[in-house]
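Structure assessment
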Amino acid sequence: MELKILHLYPDLLNLYGDRGNIACMKKRLTWRSIGAEVISHTCDSGDFSLDGVDIVFIGGGSDREQKIVCHRLLEHKEMLHGFVNDNGVLVAVCGGYQLLGKYYKLADETIEGLDILDIYTEQGKKRLIGNVVLDSDVAGKIVGFENHGGRTYIGNHTPLGKVVHGYGNDDKSGVEGVVYKNVVATYLHGPLLPKNPRLCDYILTNALKRKYPDFGGLAPLDDKLEATASEYIVNRFN
Ligand code: GLN
């Protein structure tokens, strides 16, 4: 078995080391003797294709970088819609998350999104920064870090989790992120998947089930250290 992971624009969208999420997916596959091919598509790599791709990852970035990336992504809008509708796995963090929506409205301009999710984002006055704890149906307690000026309104979408600590999507609704088909979109930056191995395995399982319909599930790994670190954070913010 093998998964192909496409990392979109790591040269522009890689705040707080979002790239570590790629390393985590790869490592957790390798530990189970499942192959992992990672393709990094940077701004100067020309066109990209989703042929044979199982997981697409888009990280976070500043408004300036998002503007550049949004034009590139819009050129591939139809292909990305097709991928998501075909249950392709898409993981998007912060700036990448905002770009999956209809638009991201800044003070002086509006960045058009891919319209994959029926959500929109508006820039607020204060930045929402800090540690986050979520309660999630797909992965239990999720711990992470957020730093965003945008408030994202997710309408009828299912959130990734309820906010136990932190601001979440919009500082009001008490929810964070979106889970839609095999899309996981979240404001949680940096080492999201290394900190939350259950979420990583949820994502990998979705990709493996799609590619190998007979796939029977991932072998468990020893995640004691990660569980202890997560518990510590959860208790600290309780
Ligand atoms: N530029 C966006 C915002 O501030 C996203 C930032 C990020 O990816 N951290 O809301």
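Scroll up to find the structure this text is about.
This write-up is about the structure you can find in this document. Just so it is clear, the model here is predicted, and its values are computed rather than measured. (Residues numbered from 1 in each chain as written. Predicted model: local features only at pLDDT ≥ 70, side-chain atom pairs only at ≥ 80, totals over all residues. Heavy atoms only, no water.)

1. Observations concerning the site of the ligand
Residues in close proximity to the ligand total 16 residues, the closest being D63, Q66, C94, G150 and H189. Interatomic distance of 3.1 Å between a backbone N/O atom of G61 and an oxygen atom of the ligand. Residue D63 places a side-chain N or O atom 2.5 Å away from a nitrogen atom belonging to the ligand. In isolation the ligand exposes 300 Å². Once the protein is present, 98% of that is buried. The set of elements that each furnish at least two residues to the shell around the ligand consists of α2 (63–74), α4 (95–99) and β8 (140–153). Looking at the shell around the ligand residue by residue, the classes come out as 3 nonpolar, 11 polar and 2 charged. (Near = heavy atom within 4 Å. Polar contact = N/O pair within 3.5 Å; in protein donor to acceptor, adjacent residues only side chain to side chain. Areas by Shrake-Rupley, 256 points an atom, 1.4 Å probe, with all protein chains shown as cover. Helix = DSSP H or I, 4+ residues; strand = E, 2+ residues; numbered from the N terminus. Nonpolar A, V, L, I, M, F, W, Y, C, P; charged D, E, K, R; others polar.)

2. Points about α2
Over its 12 residues, α2 runs 16 Å from end to end, which matches the ideal 16 Å to within 8%, given 1.5 Å per residue. Among all positions in α2, only E65, Q66, V69, C70 and L73 are buried. Mapping the buried residues of α2 onto a view down its axis gives an arc of 135 degrees, with all of them on the same face. Summarising the geometry of α2, the exposed residues directed more than 90 degrees from the buried face are R64 and H71. Those residues of α2 that are buried lie in contact with β1 (2–8), β3 (55–58), α3 (77–85), α4, β5 (103–105) and β6 (110–112). (Expected span 1.5 Å × (residues − 1). Buried < 20%, exposed > 50% of the residue type's maximum accessible area, 1.4 Å probe, protein only. Arc of directions from axis to C-beta. Contact = heavy atoms within 4.5 Å.)

3. Some details on the layout of surface pockets
Taken as a whole, the largest pocket holds about 250 Å³ of empty space. Forming the walls of the largest pocket are 14 residues, and the residues nearest its centre are K141, P197, R198, A227 and S230. Mapped onto the lining of the largest pocket, the elements with two or more residues apiece are β8, α6 (197–211) and α7 (224–236). Ranked by residues supplied to the lining of the largest pocket, first place goes to α7 with 5 residues. Split by residue class, the lining of the largest pocket holds 4 nonpolar, 3 polar and 7 charged. (1 Å grid on protein atoms, 1.4 Å probe; cavity = no way out; pocket = protein on both sides within 12 Å on 5 of 7 lines; lining within 4 Å. Points joined across faces, edges and corners; volume = space filled by probe spheres on them.)

4. Points about the pattern of salt bridges
Under the criterion given, the structure shown has 10 salt bridges. One salt bridge connects R32 with D201, and the closest N-O pair in it is separated by 2.8 Å. One end of the pair, R32, is in the loop between α1 (20–30) and β2 (35–41); the other, D201, is in helix α6, and 169 residues separate them in sequence. Assessed through its relative accessible area of 13%, R32 is described here as buried. A cluster of three or more residues bridged by salt bridges with shared partners is formed by R28, R32, D201 and D223. (Salt bridge = Lys/Arg side-chain N within 4 Å of Asp/Glu carboxyl O.)

5. Looking at the sheet that holds β3
In sheet architecture, strand pairing relies on hydrogen bonds along the backbone and comes in two forms, parallel and antiparallel. With respect to topology, 6 strands assemble into an open sheet ordered β2-β1-β3-β4-β12-β11, the strand pairing being mixed. Bordering the open sheet on either side are β2 and β11 (178–180), each of which pairs with just one other strand. On average, each strand axis in the sheet is inclined to that of its neighbour by 15 degrees, with strand direction left out of account. Alignment of β1 against β3, held across 4 bridges, turns out to be parallel. Looking at the pairing, H7 lines up with F57 of β3. α6 rests against β1, β3, β4 (89–93), β11 and β12 (183–186) of the sheet, and its axis sits at about 120 degrees to β1. (Pairing = 2+ DSSP bridges. Axes fitted to C-alpha atoms, helices over the stretch in contact; angles between N-to-C directions.)

6. Description of the nonpolar core
The nonpolar side chains of a soluble globular protein tend to be buried with one another. Counting 67 residues, the largest nonpolar core has M25, I55, V56, L73, L100 and I203 as the members making the most contacts within it. Once residues lying within four places of it in the same chain are set aside, the contact partners of V56 are L6, L8, L50, F83, V89, L90 and V91. (Core = buried A, V, L, I, M, F, W, Y, C linked by side-chain atoms within 4.5 Å.)

7. Points about unusual backbone geometry
Not every positive phi belongs to a glycine, and S33 is a case in point at roughly 60 degrees. In this structure, S33 sits in the loop between α1 and β2. Of note in this structure, D171 is not a glycine but carries a positive phi near 70 degrees. With respect to the secondary-structure elements, D171 resides in the loop between β9 (161–165) and β10 (175–176).

8. Structural notes on the packing of α1 against α6
Closest axis-to-axis distance for the α1/α6 pair is 10 Å, and the angle between their directions is 70 degrees. With respect to α6, the element α1 is oriented roughly perpendicular. Counting all contacts with α1, which are made through C24, M25, R28 and L29, the residues of α6 involved are P197, C200, D201, I203, L204 and L208. Class assignment for the residues of the contact of α1 with α6 results in 8 nonpolar, no polar and 2 charged. (Parallel < 35°, antiparallel > 145°, perpendicular 65-115°, else oblique.)

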